[in-house]
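# Close look at the chain arrangement
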Amino acid sequence: MIRFSLHCDHGHDFEAWFASGADYERQANSGLLSCPQCGSVQIDKTVMAPSVSTARKREQNQAVAMVESQAVVVEKVREMVRAIRAASEDVGEEFPEEARKIHYGEAEARGIVGSASRDDVKSLLEEGIGILPLPHLPEDTNYQ
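About the criteria used
Residues numbered from 1 in each chain as written. Predicted model: local features only at pLDDT ≥ 70, side-chain atom pairs only at ≥ 80, totals over all residues. Heavy atoms only, no water. Helix = DSSP H or I, 4+ residues; strand = E, 2+ residues; numbered from the N terminus. Rg over C-alpha atoms; globule rule 2.2 N^0.38 Å. Buried < 20%, exposed > 50% of the residue type's maximum accessible area, 1.4 Å probe, protein only. Contact = heavy atoms within 4.5 Å. Areas by Shrake-Rupley, 256 points an atom, 1.4 Å probe, with all protein chains shown as cover. Lys, Arg positive; Asp, Glu negative; His and termini not counted. Charge placed at Lys NZ, Arg CZ, Asp CG, Glu CD. Salt bridge = Lys/Arg side-chain N within 4 Å of Asp/Glu carboxyl O.

Across its full length, the protein chain holds 5 helices and 5 strands. Its C-alpha atoms give the protein chain a radius of gyration of 30 Å, clearly above 15 Å, the size a compact globule of 144 residues would have. With the principal axes as the frame, the protein chain shows a C-alpha extent of 85 × 35 × 30 Å. Across the 144 residues of the protein chain, 19% fall into the buried class. For the protein chain, the proportion of contacts with a sequence separation of at least 24, taken over those separated by at least 6, is 41%. As displayed, the protein chain offers around 10800 Å² of accessible surface, 53% of which is attributable to carbon and sulfur atoms. Here the protein chain holds 15 positive side-chain charges and 24 negative ones, and the gap between their average locations is 7 Å.

Printed below as a string of structure tokens:
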């Protein structure tokens, strides 16, 4: 594929992709090309700087791709956290106590969320009580 900068007889500039230089010539000579702004079929190629792939450009493209893929992951995490919170009871600071009651059969088994200190988390894990931290999302603490 090759990209050409094009110009119509009414002064509009635009770009288009072609399979080859010969493909551009065939389409131009057949009147198949038209300006997307005015519809003119009088189209010419303009001078265009070559696109040279450099290590820096590749790094920039990789960085953009990384940011885009991270945004997808962050949105998936947001969906997961919302779903867990929607299906759970928020027991707040009573989380360690309520988790123990559920684990030892003293309270109804159900999904709970809340807060716990590092010491409480360590104790719960040592007792064999399975817990997982939920990430704090920016919208949890930012005021709108």
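That was the structure; now back to the text.
This part takes up the pattern of salt bridges. Considering all chains together, one arrives at 9 salt bridges under this definition. When the shortest N-O distance is used, the salt bridge between Lys45 and Glu25 registers 3.8 Å. Separated by 20 residues along the polypeptide, Lys45 in strand 3 (residues 43–45) and Glu25 in helix 1 (residues 21–29) bring together distant segments of the chain. The salt bridge involving Arg110 is made with Glu89; its shortest N-O contact spans 2.6 Å. A residue pair is termed long-range when its members are at least 10 positions apart, and Arg110 in the loop between helix 3 (95–103) and strand 5 (112–114) and Glu89 in strand 4 (residues 89–92) qualify at 21 residues. For Arg110, a relative accessible area of 25% corresponds to the partly exposed category. Within this structure, Glu75, Arg78 and Arg82 form a network of salt bridges that share partners.

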